[in-house]
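One-letter residues, chain by chain:
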Amino acid sequence: MDWGKGSYEPTAADLLPAARELVTAANIQPGEHVVDVGAGTGNVALLAADLGARVTAVEPAARLREVIAETALDRDLTVVDGEAASIPLPDSSADVILSNFAVIFAPDPAAAFTELARVAKPTGRILLTTWQPGVLSKLVGVLIAALREVTGGVDMGTPFNWHEPNALSELLAPHGFTVSGRTLDLDIVTASATEYWDTRIATHPLGIETLPILENAGRLEEVRNRVLGMINDDWTTSTGQVRLKAQYLLATAVR
Ligand SMILES: C[S@@+](CC[C@H](N)C(=O)[O-])C[C@H]1O[C@@H](n2cnc3c(N)ncnc32)[C@H](O)[C@@H]1O
């Protein structure tokens with residue numbers, strides 16, 4: 001799917017605090033080569049460049065690559081087309097590889113980690129964020145369940161537990177990495193439940209890709225009402241403001 005479709009920008013703003021945590025945890029030194037995998041609009045890449053790193057932003061979506069390039073201005077930041085399992089960089093060329101909620105979209109986790117390990121220097125470190133099960137998986141679960149019913153159940157293979165350090169370790173240990181992790185909170189705030197639907201689901205690239213399927217099947221209104229009902233019941237304050245408390249794993253892999 002194309003993450004350049006629709007409007008990813010509101011979600012990028014939501015994820016910025018996690019990008020800050022990731023960059024802080026990486027302890028980036030001036031002059032280090034930092035690779036941001038699945039850079040989106042450049043949350044991590046821009047922060048790393050501002051610390052004096054030489055940054056490569058790897059992003060598969062053409063429109064988002066343009067957004068990063070336009071924002072980068074005179075920073076030491078190169079934007080390239082690629083994805084987790086296919087990074088156009090030489091072996092052992094990165095001091096730090098970072099990925100803020102992006103490697104998790106790689107369809108083949110083992111291939112993705114093999115590629116990250118190839119690009120990392122022998123002393124290189126890999127840090128990534130992945131969602132913990134919770135509020136977001138509950139909301140997305142409503143959409144996925146309806147899509148499965150409508151499409152007759154798409155085989156999505158065996159899900160990979162991106163949020164479990166042990167699962168990450170199984171794939172990174174063969175490349176010499178030791179993985180540790182800690183769980184952090186991220187608040188996602190919108191003025192109302194309908195604003196959440198409009199800006200974080202309907203116009204989000206994933207919504208642009210999937211909601212027409214539900215609409216064609218006559219299920220969109222019902223699914224929208226269920227999602228709004230969950231948000232109103234569980235995550236709306238007395239003033240009508242939505243405050244989703246999401247949790248994520250910040251994983252660090254070192255050799
Ligand atoms: C939730 S966004 C996160 C973007 C950014 N890291 C941020 O902090 O806002 C997911 C990003 O992963 C990218 N992506 C999708 N599939 C990918 C893959 N297989 N490997 C790397 N990135 C991928 C998307 O294009 C999108 O930019």
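The notes below deal with the structure included here. (Residues numbered from 1 in each chain as written. Predicted model: local features only at pLDDT ≥ 70, side-chain atom pairs only at ≥ 80, totals over all residues. Heavy atoms only, no water.)

**Comments concerning the site of the ligand**
For clarity, the cut-off: Nearness of a residue to a molecule or strand requires only that one of the residue's heavy atoms be within 4 Å of it. Pairs of N or O atoms within 3.5 Å make up the polar contacts considered here, provided that, within protein, one atom can donate a hydrogen while the other can accept it, and that residues adjacent in sequence are counted only when both atoms are side-chain atoms.
Around the ligand, 16 residues are found, and the nearest of them are Tyr-8, Gly-38, Glu-59, Ala-84 and Asn-100. Here Asn-43 contributes a side-chain N or O atom positioned 3.2 Å from an oxygen atom of the ligand. The separation between an oxygen atom of the ligand and a polar side-chain atom of Asn-100 is 2.9 Å.

**Topic: the pattern of salt bridges**
Short version of the rule: By definition, a salt bridge exists where a carboxyl oxygen of Asp or Glu is found within 4 Å of a side-chain nitrogen of Lys or Arg. Helical segments are the DSSP runs of H or I of at least four residues, strand segments are the runs of E of at least two, and each set is numbered from the N terminus. Relative accessible area decides the class of each residue, using a 1.4 Å probe on protein chains only: under 20% of the type maximum gives buried, over 50% gives exposed, and in between gives partly exposed.
On inspection of all chains with the given rule, the structure shows twelve salt bridges. Note that Arg-118 is salt-bridged to Asp-91, the shortest N-O span being 2.7 Å. Residue Arg-118 is found in helix α4 (residues 109-119), and its partner Asp-91 is found in the loop between β3 (77-80) and β4 (94-100); the two are separated by 27 residues along the sequence. Look at Arg-118 and you get partly exposed, because its relative accessible area is 26%. Between Asp-95 and Lys-121 there is a salt bridge, with its nearest N and O atoms 3.0 Å apart. Here the residue Asp-95 occupies a position in strand β4, and Lys-121 occupies one in strand β5 (residues 120-131), the gap between them amounting to 26 residues. Accessibility expressed as a relative area gives 14% for Asp-95, which makes it buried. Several salt bridges converge on common partners, so that one network encompasses Asp-91, Glu-115 and Arg-118.

**Focus on a nonpolar patch on the surface**
Our working rule: Each patch groups residues whose relative accessible area exceeds 30% and which form no salt bridge, using 9 Å between like charges and 5 Å between nonpolar side chains of Val, Leu, Ile, Met, Phe, Trp and Tyr. Shrake-Rupley sampling with a 1.4 Å probe provides the accessible areas, and residues are treated as covered by the protein chains on show and by no other component.
A contiguous nonpolar patch, built from Met-1, Phe-105 and Leu-206 and spanning about 280 Å² of accessible area, is present on the exposed surface. We classify Leu-206 as partly exposed; its relative accessible area is 34%.

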